[in-house]
Amino acid sequence: MVSLLKRVLPVALVLASFCFASTSPASAQRAPQLGSAVAVAQAGGAGGKAAVCARLAKRKVLRSSATASRTRTAPKPPAASRRMKRRVRVLRRHCIDRLHRRSKTPASSQSVALPATGLLTVAIDGGHGGWDETEIAERKALGAAVTRHEWDPSDPVDAQDDVVLSAAAEIHTRIHALLGGNELGDATHYREWVVAFIRRYGPGGDFWSAHPELDSSRYAIATIELGNEPYFGEMSAADYADTVRPTLEEIHRLGLPVKVILDSRVYGKDTSWMDTLYQRIPDLNSLFYAFADHPYWYGHDPAEVSPAGPFGRIETLRRRMIEQGAGSKPIFITEYGESTADCGEECVSEETQAQHLGEMISAVAANPRWGVEMLSLYQLQDRGTDSSDRELQFGLLREDGTEKPAYSVVQAAIQQYRG
């Protein structure tokens, strides 16, 4: 399947951006379906493209018609039927034209090597603070290979020993460590704290020496993320660069065995955050492993085309990484989700949440050119009920622990994509 996806990827990208992918939330395993449709088009040349585009166009028009018919009581007039047929023809022609234009793209623009990433891991967000017995049981039931969890650099390094112990001994999940939130504080303190953290929980760390019964080869913390959305705090890109630079240089100097993930922000064509890091940190590419992105687009299908659209933002991030000489480095999507709160257009129904998460997982799996090594979904459980606060209801589980439709979609993906 991997080799098939590489052969058909250019057409797959066009089909994904054309927003004709299936919207069934029943399964997260949709990359094979996408690959099969594209394979038909590729193998059949112009005829294959026409057949696939005709089928997808008809499906889109029928879905639109079904939505409209729920508000219509009178029989559908012949004129409406003719309009539907015309609409199918227009969409089919548009699809074929876009596939044709893509096939004419100069070979040089398609010859960039795929990023040298590891296998995809679908992970779950772990929040911050301790986990009680109920949460430990819920996380164990979900079965995520990786859990992203936050530490506060103002706390002692060992303040969450219980979380690391529970992760390794009970949940059997490896932690991707988020070190700090929107603000990272003093650069010297942050450097010293991060180094101490790695020496405690990283491979060969003191925590594992104190717990020889645990499998440190599986659960030692090997990836760390420097900050969480600092661009939404009071840190400018220059502030962030100047704060993390001493940490990056010290980790490199000491040869500490962790992969460092740096925050990035892309919106439309704006990559100024990343560009500032390259301007202020000499030899940056030798100091980090991957960029992290949070391509939220609240309330919208991720495949929709917009400056805020997740797919386009990932494409822009990858393109700029190539231009900065980091084309071989992976991308970590360390947060993506949809809220089911009652907050208007930025929130969705539980069924739509499942659909959108499935689409994002399928797109990441079907596009190795994006180079996404980890997709961490936000989050396991709601923190409120019947709320108008968007932030309280991103969960796969409701606050009472019952499953939303998205739970089974994500759990299936977690079992398939384990890195």
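Rules behind the numbers
Residues numbered from 1 in each chain as written. Predicted model: local features only at pLDDT ≥ 70, side-chain atom pairs only at ≥ 80, totals over all residues. Heavy atoms only, no water. Pairing = 2+ DSSP bridges. Helix = DSSP H or I, 4+ residues; strand = E, 2+ residues; numbered from the N terminus. Axes fitted to C-alpha atoms, helices over the stretch in contact; angles between N-to-C directions. Buried < 20%, exposed > 50% of the residue type's maximum accessible area, 1.4 Å probe, protein only. Right-handed = clockwise from strand over helix to strand, strands pointing away. Salt bridge = Lys/Arg side-chain N within 4 Å of Asp/Glu carboxyl O. pLDDT = per-residue confidence, 0-100. Contact = heavy atoms within 4.5 Å. Phe/Tyr/Trp six-rings, centres within 6.5 Å; stacked < 30°, edge-to-face > 60°. Lys NZ or Arg CZ within 6 Å of the ring centre and 35° of its normal. Core = buried A, V, L, I, M, F, W, Y, C linked by side-chain atoms within 4.5 Å. Disulfide = S-S within 2.5 Å. Parallel < 35°, antiparallel > 145°, perpendicular 65-115°, else oblique. Left-handed = near helix turned anticlockwise from the far one by under 90°. Nonpolar A, V, L, I, M, F, W, Y, C, P; charged D, E, K, R; others polar. Polar contact = N/O pair within 3.5 Å; in protein donor to acceptor, adjacent residues only side chain to side chain.

Draft legend 1. The sheet that holds strand 8 (residues 372–377), seen in detail. In space, the eight strands of this closed barrel follow the order 1-2-3-4-5-6-7-8, with parallel pairing throughout. Pairs of neighbouring strands in the sheet enclose a mean axial angle of 30°, with direction left out of account. Note: strand 2 (residues 146–151) against strand 3 (residues 174–179), six bridges, orientation parallel. Looking across to strand 3, one finds that Val-146 is bridged to Arg-174.

Draft legend 2. The pairing of strand 4 (residues 223–226), seen in detail. Going residue by residue along strand 4, you find Thr-223 and Glu-225 tucked away on one face and Ile-224 and Leu-226 tucked away on the opposite face as well. When strand 3 meets strand 4, the two strands line up parallel, connected through three bridges. Opposite Leu-178, over in strand 4, you have Glu-225 as the bridge partner. Sheet analysis places strand 4 next to strand 5 (residues 259–263), joined by four bridges and oriented parallel. Its bridge partner lying in strand 5, Leu-226 is registered against Leu-262. This β-α-β element, strand 4 to helix 11 (residues 237–254) to strand 5, shows right-handed connectivity.

Draft legend 3. Up close: the pattern of salt bridges. Evaluation of the coordinates by the stated rule reveals 16 salt bridges. Taking the shortest distance from any N to any O, the salt bridge between Glu-225 and Arg-148 comes out at 3.0 Å. Of this pair, Glu-225 sits in strand 4 while Arg-148 sits in strand 2, and the two are 77 residues apart along the sequence. Taken as a pair, Glu-225 and Arg-148 share a single burial class, namely buried. Overlapping salt bridges bring together Asp-125, Arg-148, Glu-225 and Glu-335 as one network.

Draft legend 4. Looking closely at the confidence of the model for the chain. With 73% of its residues at a pLDDT of 70 or more, the chain shows a mean pLDDT of 84. Below a pLDDT of 50 lies the segment residues 1–46, which in the model reaches 89 contacts outside its immediate sequence neighbourhood of four places, other chains included. Taken as a whole, residues 67–76 scores under 50 in pLDDT and shows one contact with residues more than four places along the chain or in a different chain.

Draft legend 5. Structural detail: the packing of aromatic side chains. Applying the stated criterion across every chain, the model contains 18 aromatic pairs. For the pair Tyr-378 and Phe-394, a centre-to-centre distance of 5.4 Å together with 65° between the ring planes defines the contact as edge-to-face. Here Phe-394 lies in the loop between strand 8 and helix 15 (405–416) and Tyr-378 lies in the loop between strand 8 and helix 15, a separation of 16 residues in the sequence. For Tyr-378, a relative accessible area of 15% gives the class buried. In textbook terms, an aromatic cluster arises when at least three aromatic residues are bridged by ring pairs, as seen for Trp-151, Trp-193, Phe-197, Tyr-201, Phe-207 and Trp-208. Above the face of the Phe-288 ring, Lys-329 is positioned so that its terminal group lies 4.7 Å from the ring centre. Across the ring face of Tyr-298, the terminal group of Arg-390 is positioned such that the distance to the ring centre comes to 3.7 Å.

Draft legend 6. Looking closely at the nonpolar core. Formed by 85 residues in total, the largest nonpolar core has its most connected members in Trp-151, Phe-197, Ile-224, Leu-248 and Leu-262. Judged by nonpolar contacts, the second largest core, of nine residues, contains Ala-123, Val-146, Ile-261 and Met-374.

Draft legend 7. Representation of helix 12 (residues 272–280). Those residues of helix 12 that sit buried are Trp-273, Met-274, Asp-275, Thr-276, Leu-277 and Tyr-278. Residues of helix 12 that are buried in the fold lie against helix 11, strand 5, strand 6 (290–293) and helix 13 (310–323).

Draft legend 8. Fine view of the state of the cysteines. For the structure on display, the rule yields one disulfide. Here Cys-343 engages in a disulfide with Cys-347; their sulfurs sit 1.8 Å apart. Disulfide Cys-343-Cys-347: the torsion about the S-S bond is 105°, which places it as right-handed. By relative accessible area, Cys-347 is classed as buried at 9%.

Draft legend 9. Local environment of the side chain of Asp-263. Structurally, Asp-263 can be placed in strand 5. Asp-263 has contacts with Glu-225, Leu-226, Gly-227, Asn-228, Glu-229, Pro-230, Tyr-231, Tyr-240, Trp-273, Leu-277, Phe-291 and Ala-292, leaving out every residue within four places of it along the chain.

Draft legend 10. Layout of the packing of helix 14 (residues 350–366) against helix 15. Packing of helix 14 against helix 15 leaves a shortest axis separation of 7 Å and a crossing angle of 20°. Relative to helix 15, the element helix 14 lies roughly parallel. Once helix 14 is placed against helix 15, the crossing between them reads as right-handed. Contacts between helix 14 and helix 15 involve Glu-350, Glu-351, Gln-353, Ala-354, Leu-357, Gly-358 and Ile-361 on the former and, on the latter, Pro-405, Ala-406, Val-409, Val-410 and Ala-413. Residues that form the contact of helix 14 with helix 15 fall into these classes: eight nonpolar, two polar and two charged.

Draft legend 11. Quick peek at the environment of Arg-148. For Arg-148, a relative accessible area of 1% corresponds to the buried category. Along the chain, Arg-148 and Gly-127 lie 21 residues apart, while their C-alpha atoms are 7.4 Å from each other. A polar atom in the side chain of Arg-148 sits 2.7 Å from the side chain of Asn-228. For Arg-148, the side chain forms a polar contact with the side chain of Glu-335, separated by 2.8 Å.

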